[in-house]
Amino acid sequence: MFGEKALELIKQLKRARDGTLPPFDEDVIRQALEEMRVLFEENSKEVNAAVDGEQGLFSGVQLRHASLERNKRCILAYIYHRMMKIRNFRWDVGSVLPNNIKLNLCEQETQWFNKYNKSIANYMKSIGGIGFDLTQHLKPPKMLYIEVRCLTDYGEFETDDGTVILLKKNSQHFLPRSQCEHLIRQGILQHLI
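Here the structure is a predicted model, which is why all the values come from computation and not from measurement.

Draft legend 1. How the structure looks around the packing of helix α1 (residues 4–15) against helix α3 (residues 58–93). Taken N-terminus to C-terminus, the directions of α1 and α3 make an angle of 25°; their axes are 8 Å apart at the nearest point. It follows from the interaxial angle that α1 and α3 lie roughly parallel. Here α1 and α3 pass one another in a crossing that is left-handed. Contact residues: α1 offers Ala6, Leu7, Leu9, Ile10, Gln12 and Leu13, while α3 offers Arg70, Asn71, Cys74, Ile75, Ala77, Tyr78, His81 and Arg82. Tallied by class, the residues present in the contact of α1 with α3 amount to 9 nonpolar, 3 polar and 2 charged.

Okay, here's the thing in structure tokens:
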């Protein structure tokens, strides 16, 4: 059956849980591309062998061409979906991917992620001549200081003004939002509402 391998790629993405990325399936992509190569060669043979005006052969050509197009769309959807997930991981977890995600990337995806990181960093440095961290706030802040609870023993934490705070498990602090957003994302602090 034409297109089964390409459809398998889409099914893999559908089965993946949110917040995860399945390993890049290079074998299935290779098999789908091989199927496309065979279909293209069969089409070329029939078109080259066709006698002028003979329409009977072209129904097979059209079927194989539709299969080629379907495989191409499935492969492109697979790659695009993975890129969008990787892009979202960059904004959700930061510039360093967790190992369970990093190990599932192919070499080209890792290169794309590194270039994307570099582009974001260059853009943030260029804002206003002094730079601005776009990843600083999960949501636009309503208050500059927030109350947080420490979920783990983190140790000393120095704020921008030089104040050193000891972050011990279950301790509560009133800190500048801009300086503790990354700790909240990492699960070290919890924002108390």
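Draft legend 2. Examining the sheet that holds strand β5 (residues 189–192) more closely. Pairing is antiparallel across the open sheet formed by 3 strands, whose spatial order is β4-β1-β5. Since the sheet does not close on itself, it has two edges, and those belong to β4 (172–176) and β5, each with one partner. The sheet shows a mean angle of 45° between the axes of neighbouring strands, taken without regard to direction. Bridging between strand β1 (residues 145–150) and β4 involves 5 bridges; their strand directions are antiparallel. Residue pairing for β4: Arg149 is matched across the bridge by Gln172.

Draft legend 3. A negative patch on the surface, seen in detail. On the surface, a cluster of negative charge is made up of Glu156, Glu158, Asp160 and Asp161. By the element assignment, Asp161 lies in the loop between β2 (155–158) and β3 (164–167).

Draft legend 4. Up close: the environment of Ser95. By the secondary structure assignment, Ser95 is in the loop between α3 and α4 (99–102). Linking Ser95 and Phe113, residues 18 residues apart in sequence, is a C-alpha distance of 8.8 Å.

Draft legend 5. Up close: a nonpolar patch on the surface. There is a patch of nonpolar side chains on the surface, built from Trp91, Tyr123, Phe132 and Leu134 and spanning about 400 Å² of accessible area. As for its placement among the helices and strands, Trp91 is situated in helix α3. Given a relative accessible area of 31%, Trp91 falls into the partly exposed group.

Draft legend 6. Expanded view of the side chain of Arg82. Considering the arrangement of structural elements, one finds Arg82 in helix α3. By relative accessible area, Arg82 is classed as buried at 0%. Within the local environment of Arg82, its side chain forms a polar contact with the backbone oxygen of Pro22, the two atoms lying 2.6 Å apart. Other than its neighbours up to four places away in sequence, Arg82 contacts Leu13, Leu21, Pro22, Pro23, Phe24, Asn104, Leu105 and Glu109.

Draft legend 7. Up close: the environment of Leu151. Counting through the fold element by element, Leu151 comes out in the loop between β1 and β2. On a C-alpha basis, the gap between Leu151 and Val47 in space is 68 Å, while along the polypeptide they are 104 residues apart. Non-local contacts of Leu151, meaning those with residues more than four positions away in its chain, are made with Lys169, Gly187, Ile188, Leu189 and Gln190.

Draft legend 8. Just the pattern of salt bridges, in detail. One pass over the structure, following the stated rule, counts 10 salt bridges. One salt bridge in this structure joins Arg30 and Glu26, with 2.9 Å as the shortest N-O distance. You can see Arg30 and its partner Glu26 sitting in helix α2 (residues 26–49), 4 residues apart, about one turn around the helix. Three or more residues joined by partner-sharing salt bridges are found here, namely Glu26, Asp27 and Arg30.

Parameters and conventions
Residue numbers here run from 1 along each chain, matching the order of that chain's written sequence. In keeping with the model being predicted, local features are shown solely for residues with a pLDDT of at least 70 and side-chain atom pairs are shown and tallied solely at 80 or more, while totals for entire chains, interfaces and linings include all residues. Only hydrogens and water are set aside; all other atoms, that is, all heavy atoms of the structure, feed into the side-chain values. For every element, the axis is a line fit to its C-alpha atoms; helices are fit only across the contacting stretch, and the angle between N-to-C directions ranges from 0 to 180 degrees. In this description a helix means any DSSP run of H or I spanning at least four residues, a strand means any run of E spanning at least two, and both kinds are numbered starting from the N terminus. Note on terminology: angles under 35 degrees are roughly parallel, angles over 145 are roughly antiparallel, angles of 65 to 115 are roughly perpendicular, and the others are oblique. Two helices crossing with the near one rotated counterclockwise from the far one by less than a right angle form a left-handed crossing, whereas a clockwise rotation gives a right-handed crossing. Residues are treated as being in contact if the distance between any of their heavy atoms lies within 4.5 Å. Under the scheme applied here, ten amino acids are nonpolar (Ala, Val, Leu, Ile, Met, Phe, Trp, Tyr, Cys and Pro), four are charged (Asp, Glu, Lys and Arg), and all others, including Gly, are polar. Any two strands with at least two DSSP bridges between them are considered paired. Patch members must show over 30% relative accessible area and no salt bridge, and they are joined within 9 Å when carrying like charges or within 5 Å when they are nonpolar side chains of Val, Leu, Ile, Met, Phe, Trp or Tyr. Computed with the Shrake-Rupley method and a 1.4 Å probe, the accessible areas treat only the protein chains shown as cover for residues. By definition, a salt bridge exists where a carboxyl oxygen of Asp or Glu is found within 4 Å of a side-chain nitrogen of Lys or Arg. All tallies of charge rest on Lys and Arg as positive and Asp and Glu as negative; His and the ends of each chain are not included. Working definition for charges: the position is that of NZ of Lys, CZ of Arg, CG of Asp or CD of Glu. Each residue is assigned to one of three classes by its accessible area relative to the maximum for its type, calculated with a 1.4 Å probe on protein chains only: buried under 20%, partly exposed between the two thresholds, exposed over 50%. The term polar contact refers here to a pair of N or O atoms within 3.5 Å; inside protein, the definition further demands a hydrogen-donor-capable atom paired with an acceptor-capable atom, and it admits residues adjacent in sequence only when both atoms are side-chain atoms.

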